[in-house]
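Residue strings, one per chain:
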Amino acid sequence: CRCSRHLQEKSIPTIRVRAEAVKNIKNAAAETRKAMKTIVAKVDLRQASSAEVIQTAAKILQEGGLVAFPTETVYGLGGNGLDSAACEKIYLAKGRPSDNPLILHISEIEELDRIVAEVSPQAKALMDAFWPGPLTMIFKKKDIVPAKATGGLDTVAVRFPNHPVARAIIRAAGLPIAAPSANSSGKPSPTRASHVEYDLNGKIDMIVDGGAAEWGLESTIVDVSGTVPMILRPGAVTKEMMEQVIGPVEIDPAILHKPTADFKPKAPGMKYTHYSPKAEVFLVKGEQTAVAERINALAAAERAAGKKVGVMATEETKTLYHADIILSLGSRAKPEEIGANLFKTLRKFDFLGVDVVYSEVFSEKGEGMAIMNRLNKAAGYRVLEAE
Ligand code: AMP
Ligand code: MG
């Protein structure tokens, strides 16, 4: 029968099949995206085989793909910084809020001219003193830098890293490389290729494993686009170090406090407090013995309630505690050791399934400011006083 009712009935299954087919194709595409194969390649520049790894990484970047690579601060997730689509992929892979701009990485000072509209004498002096190195500077941008890379701002953040692998990849790609930290947004920054793999495996094209990042905390950010340079994020290059070169440097007051609606940091990314492991982190402040007593009392109460408790201690204090897991950040006499181990240790607590972490605090002097800034963020600014 070919009457309209029967025709309609007959056609229904066909339509259903089509609808399912569309759904299947969508699912398959989503599965493929989810299951993107990530190449993980070890690199040692002393070996000839490294040339192939660097060339592969550069080619992926030139073709709009994403490559994670080591720098002297933390691992970066690189993409072509002049290509909006590549920048968009970075935001997607990290789950990063789109108002949080990216830092463009260069491998020669001459490349700055291509992306930056204006370099002040102070910026020039800082460059001469600290580049290549763990210092990011904010400049007025040129039109070639897409709004996607800068979160719509008319300024651009630029760094010239000192890590030989980062430099080799950027040079081979021949592009400014946008490279935020290679972690899932909200997690501690990665200081090992294994951290990147844990967060981003299957979401990016390649991870270049060049061993542990030396500093372990992200770069200092200084805004040199105005009259007085201002630190927007503390890092290995300290206020004191910059002041020796150019005189007074300000610090964005908002970076030392919990961001609120009327007290917003100038670096958009600094307003996000979740920087943290799955565990709840609390900082305990005070004299050493009092801190240990307070932490032990808190730990005992949490353990009695069935929680797994971790303590973030130091070489000098680690024997003072009673908890499920006690990890040392290093020696209090070596802040650079504490900084290098901070993110790795926060990740380890997660790995060990810890529910609550109590941490000691450190001096905010010199590089201590960078350590306390990250620690405060990891703890969501929860600080307890030990009497
Ligand atoms: P990450 O690359 O993950 O270390 O994050 C980059 C940091 O640089 C974030 O805190 C951003 O908000 C900050 N940043 C990048 N570009 C700018 C800019 N043009 N002005 C101010 N802060 C910026
Ligand atoms: Mg980051």
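This structure is a prediction, so every number in the text was calculated from the model and none was measured. Numbering of residues begins from 1 in every chain and follows the order in which that chain's sequence is written. Chains carry letters and ligands carry numbers; both start at the beginning, A for chains and 1 for ligands, and go up in the order they are written. In keeping with the model being predicted, local features are shown solely for residues with a pLDDT of at least 70 and side-chain atom pairs are shown and tallied solely at 80 or more, while totals for entire chains, interfaces and linings include all residues. Side-chain measures here rest on the full set of heavy atoms in the structure, leaving out hydrogens and waters.

A. Main features of the overall build of the protein. Secondary structure follows DSSP: runs of H or I at least 4 residues long count as helices, runs of E at least 2 residues long count as strands, and numbering of each begins at the N terminus. Tallying secondary structure elements over the protein gives twelve helices and 16 strands in all. Exposure classes here rest on a 1.4 Å probe applied to the protein chains alone. A residue is buried below 20% of its type maximum, exposed above 50%, and partly exposed in between. The buried share of the protein, reckoned over its 387 residues, is 51%. The contact definition used throughout considers only heavy atoms, calling two residues in contact when any of these lie within 4.5 Å. Taking contacts inside the protein between residues at least 6 apart in sequence as the whole, the part at least 24 apart equals 68%. For accessible areas, the Shrake-Rupley method is used with a probe of radius 1.4 Å. Any residue's cover is judged against the shown protein chains and nothing else. When the accessible surface of the protein is totalled, it reaches about 18,000 Å², and 54% of it is carbon and sulfur.

B. Broad picture of the packing of helix 5 (residues 121-130) against helix 9 (residues 239-246). For helices, the axis comes from a line fit to the C-alpha atoms of the stretch in contact; other axes are also lines fit to C-alpha atoms, and the angle between any two N-to-C directions lies between 0 and 180 degrees. Between helix 5 and helix 9, the shortest axis-to-axis distance is 9 Å and the interhelical angle comes to 120°. Where helix 5 crosses over helix 9, the handedness of that crossing is right-handed. Contact with helix 5, carried on its side by Gln122, Ala125, Leu126, Ala129 and Phe130, involves Met241, Met242, Val245 and Ile246 of helix 9 and no other residues of that element. Helix crossings fall into two classes, left-handed where the near helix is turned counterclockwise from the far one by less than a right angle and right-handed where it is turned clockwise.

C. Layout of the nonpolar core. Take the buried Ala, Val, Leu, Ile, Met, Phe, Trp, Tyr and Cys residues and link them wherever side-chain atoms come within 4.5 Å; each set so joined is a nonpolar core. Formed by 52 residues in total, the largest nonpolar core has its most connected members in Trp131, Met137 and Phe139. In this structure, Val281, Leu346, Leu375 and Ala378 belong to the second largest nonpolar core, which totals 23 residues.

D. Looking closely at the sheet that holds strand 12 (residues 280-285). One requirement defines pairing of two strands: DSSP has to find at least two bridges between them. Spatial ordering of the open sheet is given by 14-13-15-12-16, a layout of five strands whose pairing is parallel. On the outer flanks of this sheet lie strand 14 (325-328) and strand 16 (383-385), each paired with one strand and no other. If you compare each strand with its neighbour and ignore which way they point, the axes differ by 25° on average. Where strand 13 (residues 309-313) meets strand 15 (residues 356-360), four bridges bridge the pair, whose relative direction is parallel. Opposite Val311, over in strand 15, you have Tyr358 as the bridge partner.

E. Structural detail: the site of ligand 1. Taken together, 19 residues surround ligand 1, and among them Asn100, Thr155, Pro180, Arg233 and Gly269 come closest. N or O atoms within 3.5 Å of each other form a polar contact, as long as, within protein, one can give a hydrogen and the other can take it, and as long as residues adjacent in sequence are counted only when both atoms are side-chain atoms. Between ligand 1 and Gly269, the relevant distance is 2.6 Å, taken from an oxygen atom to a main-chain nitrogen or oxygen of the residue. For ligand 1, the accessible surface in isolation is 500 Å², of which the surrounding protein chains cover 94%. Listed by contribution, the elements that provide at least two residues to the shell around ligand 1 are strand 6 (155-159) and strand 10 (230-233). Put simply, Ala, Val, Leu, Ile, Met, Phe, Trp, Tyr, Cys and Pro go in the nonpolar bin, Asp, Glu, Lys and Arg in the charged bin, and everything else, Gly too, in the polar bin. For the shell around ligand 1, the class distribution of residues is twelve nonpolar, four polar and three charged. Throughout, near means a residue has at least one heavy atom within 4 Å of the molecule or strand.

F. The packing of aromatic side chains, seen in detail. Ring pairs are drawn from Phe, Tyr and Trp, using the six-membered ring of Trp, whenever the two centres fall within 6.5 Å, and their geometry is named by plane angle: stacked under 30 degrees, edge-to-face over 60, tilted for the rest. Counted according to the given criterion, the structure contains two aromatic pairs. Considering the side-chain rings of Trp131 and Phe160, the 6.3 Å spacing of their centres and the 70° angle between planes classify their relative orientation as edge-to-face. A residue pair is termed long-range when its members are at least 10 positions apart, and Trp131 in the loop between helix 5 and strand 5 (135-140) and Phe160 in the loop between strand 6 and helix 7 (164-173) qualify at 29 residues. For Phe160, a relative accessible area of 5% translates into the label buried. Above the ring of Phe282, the side-chain terminus of Arg382 is found at 4.7 Å from the ring centroid. Note on geometry: a ring has a charge over it if NZ (lysine) or CZ (arginine) is within 6 Å of the ring centre and within 35 degrees of the ring normal.

G. A look at helix 5. Among the residues of helix 5, those classed as buried are Ala123, Leu126, Met127 and Phe130. Buried residues of helix 5, seen end-on, are gathered within an arc of 100° and therefore sit on one face of the element. Along helix 5, the residues that are exposed and aim more than 90 degrees away from the buried face are Pro121 and Asp128. For helix 5, the elements touching its buried residues are helix 4 (112-115), strand 5, strand 9 (220-223) and helix 9. To obtain the arc, one takes the directions from the helix axis to the C-beta atoms.

H. The arrangement of the side chain of Asp209 in detail. By the element assignment, Asp209 lies in strand 8 (residues 206-209). In this structure the side chain of Asp209 is engaged in a polar contact, spanning 3.2 Å, whose partner is the side chain of Lys42. Dropping the residues within four chain positions of it, Asp209 is found in contact with Ala41, Lys42, Val43, Tyr75 and Ala193.

I. Layout of the confidence of the model for the protein. Summary statistics for the protein give a mean pLDDT of 90 and a share of 90% for residues scoring 70 or more. pLDDT gives the predictor's per-residue confidence on a scale running from 0 to 100. For residues 1-22, every residue scores under 50 in pLDDT, and the model assigns this stretch two contacts once sequence neighbours within four places are set aside.

J. Representation of the sheet that holds strand 2 (residues 67-69) in the model. Strand order in the open sheet made by the eleven strands is 1-8-2-3-7-4-6-5-9-10-11, with mixed pairing throughout. A strand with exactly one partner marks an edge of an open sheet, and here the two such strands are strand 1 (39-42) and strand 11 (250-251). By the bridge criterion, four bridges tie strand 1 to strand 8 in an arrangement that is parallel. Bridged to Ile39 within strand 8 is Met206. Relative to strand 3 (residues 76-80), helix 3 (residues 84-94) is tilted by about 150°, and along the sheet it contacts strand 3 and strand 7 (177-178). Contacts from helix 5 reach strand 5 and strand 9 within the one sheet, and its direction differs from that of strand 5 by about 155°.

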